[in-house]
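# Survey of secondary and tertiary structure
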There are 2 protein chains.
Amino acid sequence: MGKLARKVAMVGAGMSKFGVHFPHKRNPDLWIDAWLDAVSRVDNGIEPKDIDACYVGNYSSDLFNHQGHLGPQMADLVGLVPKPAGRFEGACASSGIALRQAVLAIASGVHDVIAVSGVECMTELPTTGVTDVLATASDSLFEYPAGATFPGLYATLASAHFHKYGTTVEDLMRVGIKNHANGAENPYAQMQSSIADMMKNKIAKIEKSGGEVPDWKDEFDYLKSSSNPIIAYPLRLFDCSLITDGAACVFLAAENVAKNFTDTPIWITGTGQGSAALSLHDRDDLTSFIASKEAARQAYEMSGLKPKDIQIAEVHDCFTIAEIVALEDLGFYEKGKAVEAIKNGETKRDGSLPINTSGGLKSKGHPVGATGAAFCVEAFKQMRGIAERNRQVKFDIERMLVHNLGGSGATCVVTIFEK
Amino acid sequence: MGKLARKVAMVGAGMSKFGVHFPHKRNPDLWIDAWLDAVSRVDNGIEPKDIDACYVGNYSSDLFNHQGHLGPQMADLVGLVPKPAGRFEGACASSGIALRQAVLAIASGVHDVIAVSGVECMTELPTTGVTDVLATASDSLFEYPAGATFPGLYATLASAHFHKYGTTVEDLMRVGIKNHANGAENPYAQMQSSIADMMKNKIAKIEKSGGEVPDWKDEFDYLKSSSNPIIAYPLRLFDCSLITDGAACVFLAAENVAKNFTDTPIWITGTGQGSAALSLHDRDDLTSFIASKEAARQAYEMSGLKPKDIQIAEVHDCFTIAEIVALEDLGFYEKGKAVEAIKNGETKRDGSLPINTSGGLKSKGHPVGATGAAFCVEAFKQMRGIAERNRQVKFDIERMLVHNLGGSGATCVVTIFEK
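Because the structure is a prediction, the values reported are computed rather than measured.

### Some remarks on the overall build of chain A
Assigned secondary structure in chain A consists of 15 helices and 11 strands. Expected size for 419 residues packed as a compact globule is a radius of gyration near 22 Å; at 20 Å, chain A falls within 12% of this value. Taken along its principal axes, the extent of the C-alpha atoms in chain A is 65 × 45 × 45 Å. Accessible area for chain A stands at about 13300 Å²; split by element, carbon and sulfur atoms hold 52% of it.

The structure is reproduced here in structure tokens:
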């Protein structure tokens, strides 16, 4: 793997509010929301004439919305036609791939500025339909007909981690508790409440109705109650990310033009992508993702950084177990040691390695094709020091990592940002 | 638009037999057929260890096969895991986009060798289902609910061309007659018969059954008979491309490693991509595709060539009218003048500008996601002088163009190859 022929910077980023928007908003509406939000964060302004191409990450508008060919459809919304416009797909890492391809396209010398976006409108289908569509990111000949949808696949991965490293349901719960606390500080997040507050609200509701008030000492008791039903053991409802409509947009620029847009570009100094067999039964190890390790290896090598150099990261917490595995695969902690660090509070906003300050997929929401680009929006805000409410970390960030996983780990894109 | 930071060559290309393969073969089987065929044409051999990434063009395995996430699925078939693997979508130009992104990725300096492929398995669905899926490449909010599927959309484009330039049904038929004559010389083509032979076979069949032998003087009479029913006026059955299962694969390499694979690399000296509004009703002109004109403009500019420098081309004849419009949009002929050139035989194999010697989508078949890569297979064979049977053109080819259109013209990728 070689070096980028020229440097690439992020000069703006934005997103739609994540949530349940259908039928009031569909892909085009969400995409425009993200576009306008991103435009508003380009210091010196940006116009369609400044942009060379439109890259759209999307998992399956085909099945969610019976609409393909999203590249030109989105480009046309803002006057980017007849410029190049295409769609990139790698399951939940779709806009991670779009981002990476845009970095390579700019480095190639052919394009100077690219609008990278991701969009997914999932709630056009009922929940069972969404589960069905997501399952097409697993092996539809072997895993899907056996009834293995995504909560089940990640439950298998969690069970393997429990077995090998002694990880517990409480360890999973700590991830959800942290990420909901972060999401409550993000006005763009789908869920706007910490789990502690949800518990208090639930108790107040029971009290008001005159029912028997449960004896919950802390969030763990609440999360072990019937308020948090088991989806696929050991995963409960609050171990699973959300079904979400949303879009995100990032503007990338070559080094020679980045200064036209801002005095403080954020450089992409590392990009890596890895793959794995779709089926879990074709893998050697269920407690680690080789796609993540390979993507991280490439990104670290390109940037010249090591895991210890990363100050803050957004990682792909589609299920709570996925955040734990990511922290280990990215080299932040040794295998089996991430849970201890989480327990010590190291990954909280005020910890030594803040993880998913955006709220993560768990609380911010997970419109699958938009997730990779939305991670970059948080990177932009944290590195600029403009994260809303109380979630801005207290130190100056020079180096941040974003980890975007697809399916049950068959695709991964890792991106390293530096100021 | 800038220049490629380094040169990129095609060093091998191959494809599966195009045809109706489901249920005997599905995407993975077709993809392996294409892979092995491409490997067999790399002079000095190529192995997975030589390849840095796997790019897959596919329109909608989601809807055709209820399977997404094709990038890693295909990469895993031949041991390319854990290298980067992704899917690229632009309707019928999906593998054209994959090709272009691979060119940019190699030029960026990050990758040296990429396997670019396209695959589509369409016959898992009945014909009505295929028509429905293809219609999702049009605007599914406005065009699709109005009943406008692709034969209807291209019939509209044909009618506009008839109205503005006096084009006739015979002009359309000449495209089909030529392309079927070419496809009969391509062992990989779905249809293996010229229209003249089909007519003779039909007459023989009628004679054998004791029926009244029709008074057909030539192919035009046959094509105006009930043997060639109207699909959407003015388009008849033989104006429409085929429903096909198939795959194609191309190996691209950076200039510094191309010589490891062959002494005679074929250089990609121009790549262009354009877009347009999805809906016909949002376009200013129905007799020309702005996406094609923009893609061609970029590719010519990058290569420094002009239309008159191109010696042979493969163009996107999803319907016969599309070949006529392409010849004009690519600058080979002035608007409204292509039909005269076709009538004069200029676009035949022995003409001054051979077009679709492979048989085109019309006769070779059109597995939509594979089509862009399959065009390159014909470019490889013609430029190497190894096209099968009697379809090799008689002059030495230095410069060839490939034109890949998506949907009703909302995406276009143009690639220029030089020896």
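### A closer look at the packing of aromatic side chains
One pass over the structure, following the stated rule, counts 15 aromatic pairs over all chains. Between the aromatic rings of Trp216(A) and Tyr222(A), the centroid separation amounts to 5.1 Å while the plane-to-plane angle is 65°, which identifies the pairing as edge-to-face. The two residues Trp216(A) and Tyr222(A) agree in class, both being buried. Between Tyr154(B) and Phe319(B) the ring centres are 4.7 Å apart and the planes differ by 25°, which places this aromatic pair in the stacked class. Pair noted here: Tyr154(B) is in helix H6 (residues 150-165) and Phe319(B) is in the loop between strand E9 (312-314) and helix H12 (320-329), with a separation of 165 residues, a long-range link. Taking the relative accessible area as the measure of exposure, Tyr154(B) reaches 1% and is therefore buried. What makes Phe319(B) buried here is its relative accessible area of 7%. Of the aromatic side chains, those joined through ring pairs into one cluster are Tyr55(A), Phe88(A), Tyr55(B) and Phe88(B). Lying over the aromatic face of Trp267(A), Lys7(A) brings its terminal NZ or CZ to 4.2 Å of the ring centre.

### Some points on the relation of the copies chain A and chain B
Of the transformation superimposing chain A on chain B, the axial component is 0.0 Å and the angular component is 180°, with the fit at an RMSD of 0.0 Å. Look at the turn and shift together and you get a two-fold axis relating the two. Scanning chain A for the C-alpha nearest the rotation axis identifies Ser108(A), at a separation of 1.9 Å. Take the interface residues of chain A: 100% of them recur as interface residues in chain B, which is what a same-surface contact looks like.

### Digging into the interface of chain A and chain B
Contact residues are listed per partner, giving 66 residues for chain A and 66 residues for chain B. Here chain A meets chain B over a buried area of about 4700 Å², counting both sides, of which 53% is carbon and sulfur. Summed over the three residues of chain A that lose the most area to chain B, namely His66(A), His69(A) and Val110(A), the buried surface amounts to 16% of that side. Connecting chain A to chain B are 2 salt bridges. One salt bridge connects Glu89(B) with Arg87(A), and the closest N-O pair in it is separated by 2.9 Å. Applying the counting rule to chain A against chain B returns 37 residue pairs in polar contact (both at pLDDT 80 or more). Listed by contribution, the elements that provide at least two residues to the side of chain A that touches chain B are helix H2 (61-65), helix H3 (70-77), strand E3 (85-89), helix H4 (94-107), strand E8 (266-275) and helix H11 (290-303) of chain A. With 6 residues, H4(A) is the single largest residue contributor to the side of chain A that touches chain B. Classifying every residue of the side of chain A that touches chain B gives 30 nonpolar, 24 polar and 12 charged.

### Considering helix H4 (residues 94-107) of chain B
The end-to-end C-alpha distance of H4(B), which contains 14 residues, comes to 20 Å, matching closely the 20 Å that a straight helix rising 1.5 Å per residue would cover. Two residues or fewer past H4(B), Gly109(B) is found with a positive phi of approximately 95°.

### Points about the confidence of the model for chain A
For chain A, mean pLDDT is 97; residues scoring 70 or higher make up 100% of the total. Model confidence for the complex is summarised by a pTM of 0.98, with the ipTM given as 0.98.

### Notes on the packing of helix H7 (residues 169-183) of chain A against helix H12 (residues 320-329) of chain A
A packed helix pair is summarised by two numbers, namely the angle formed by the two axes and the spacing between the axes. Residues and elements named next belong to chain A. The N-to-C vectors of H7 and H12 enclose an angle of 95°; their axes lie 8 Å apart at closest approach. It follows from the interaxial angle that H7 and H12 lie roughly perpendicular. Touching Asp171, Leu172, Val175, Gly176, Lys178 and Asn179 of H7 are Thr320, Ile321, Glu323 and Ile324, all from H12. Split into classes, the residues belonging to the contact of H7 with H12 amount to 4 nonpolar, 3 polar and 3 charged.

### Looking at helix H5 (residues 127-135) of chain A
If you check which residues of H5(A) are buried, you get Gly129(A), Val130(A), Val133(A) and Ala135(A). In this structure, the buried side of H5(A) is in contact with H2 and helix H6 (150-165) of chain A.

### Quick look at the nonpolar core
Membership of the largest hydrophobic core comes to 268 residues, with the highest contact counts inside it found for Tyr154(A), Leu252(A), Phe332(A), Tyr154(B), Leu252(B) and Phe332(B). Apart from the residues within four sequence positions on either side, Leu252(B) is in contact with Val8(B), Ala9(B), Met10(B), Leu99(B), Ala102(B), Val103(B), Ile106(B), Asp112(B), Val113(B), Ile114(B), Val116(B) and Ile268(B).

### Observations regarding the packing of H6(B) against H12(B)
All names here are of chain B. Look at H6 against H12: their axes get within 10 Å of each other, and the N-to-C directions meet at 55°. Taken together, the axes of H6 and H12 lie oblique to each other. As for how H6 packs across H12, the hand of that crossing is left-handed. Only Ile321, Ala322, Ile324, Val325 and Glu328 of H12 make contact with H6, whose side of the interface consists of Tyr154, Ala158 and His161.

### Here's the deal with the pairing of strand E11 (residues 411-418) of chain B
Residue and element names in this part refer to chain B. Of all 8 residues that make up E11, 8 are buried, and the element is covered over most of its length. Side chains of E11 alternate between two faces, with Thr411, Val413, Thr415 and Phe417 and Cys412, Val414, Ile416 and Glu418 buried alike. Direction of pairing for strand E8 (residues 266-275) relative to E11: antiparallel, over a ladder of 8 bridges. Across the sheet, residue glycine 272 finds its bridge partner in E11, namely valine 414. Taking the residues between adjacent antiparallel strands as the criterion, strand E10 (residues 399-406) and E11 are bridged by 4 residues, where glycine 407 takes a positive phi near 65°.

### Examining unusual backbone geometry
The omega torsion of the bond from Val81(A) to Pro82(A) falls at 10°, within 30 degrees of zero and hence cis. With an omega of 5°, the peptide bond between Tyr233(B) and Pro234(B) qualifies as cis. The phi torsion at His69(A) lies on the positive side, around 60°, for a residue other than glycine. Residue position: His69(A) is located in the loop between H2 and H3. For His69(A), a relative accessible area of 1% translates into the label buried. Phi at Arg389(A) takes a positive value of approximately 50°, unusual for a residue other than glycine. One can find Arg389(A) in the loop between helix H15 (371-384) and strand E10 (399-406).

### Considering the pairing of E8(B)
All names here are of chain B. A large share of E8 lies buried, amounting to 9 of its 10 residues. The pairing of strand E1 (residues 8-15) with E8 spans 3 bridges and is antiparallel. Note that in E8 the partner of alanine 9 across the bridge is tryptophan 267.

Rules of the game
Positions within a chain are numbered from 1, following the residues in the order the chain's sequence is written. To label them, take the chains in the order written and letter them from A, then take the ligands in the order written and number them from 1. Side-chain atom pairs in this predicted model are given and counted only at pLDDT of 80 or more, local residue features only at pLDDT of at least 70, and totals for whole chains, interfaces and linings cover all residues. As a convention, hydrogens and water are excluded, and side-chain values are obtained from all of the structure's heavy atoms. Put simply, DSSP H or I for four residues or longer makes a helix, DSSP E for two residues or longer makes a strand, and each gets a number counted from the N terminus. Only C-alpha atoms enter the radius of gyration; for comparison, a globular chain is expected to reach 2.2 Å times N to the power 0.38, where N is the number of residues. Note on areas: these come from Shrake-Rupley sampling with a 1.4 Å probe, and a residue is covered only by the protein chains present in the view. Ring geometry is summarised as follows: Phe, Tyr and Trp rings, the Trp one being its six-membered ring, pair when their centres sit within 6.5 Å, and such pairs are stacked at plane angles under 30 degrees, edge-to-face over 60 and tilted between the two. Only protein chains enter the accessibility calculation, which uses a 1.4 Å probe; a residue whose area is less than 20% of its type maximum is buried, one above 50% is exposed, and one in between is partly exposed. Geometrically, a charge over a ring is one whose NZ (Lys) or CZ (Arg) sits within 6 Å of the ring centre while staying within 35 degrees of the ring normal. Superposing the copies works by least squares over the C-alpha atoms of residues that have pLDDT at least 70 in both of them. Whether two residues are in contact is decided by their heavy atoms, any of which lying within 4.5 Å being enough. In short, buried area is how much 1.4 Å probe accessible area vanishes from two parts on joining, totalled over both. Whenever a carboxyl oxygen of Asp or Glu lies within 4 Å of a side-chain nitrogen of Lys or Arg, that contact is scored as a salt bridge. Under this definition, polar contacts are N or O atom pairs within 3.5 Å; protein pairs additionally need one hydrogen-donor-capable and one acceptor-capable atom, and for neighbouring residues in sequence, both atoms have to be side-chain atoms. In this classification, the charged set is Asp, Glu, Lys and Arg, the nonpolar set is Ala, Val, Leu, Ile, Met, Phe, Trp, Tyr, Cys and Pro, and all remaining amino acids, among them Gly, are polar. Take the number of residues in a helix, subtract one, and multiply by 1.5 Å to get its expected span. The score called pLDDT rates the predictor's confidence residue by residue, from a low of 0 to a high of 100. Only the stretch in contact is used when fitting a helix axis, every axis being a line fitted to C-alpha atoms; angles between N-to-C directions are given from 0 to 180 degrees. Under this scheme an angle from 65 to 115 degrees is roughly perpendicular, one under 35 degrees roughly parallel, and one over 145 degrees roughly antiparallel; angles in between are oblique. Definition used in this section: a nonpolar core is a set of buried Ala, Val, Leu, Ile, Met, Phe, Trp, Tyr and Cys residues joined via side-chain atoms within 4.5 Å. For a crossing to be left-handed, the near helix must be turned anticlockwise from the far one by less than a right angle; the clockwise case is right-handed. Any two strands are treated as partners once DSSP identifies two or more bridges connecting them.

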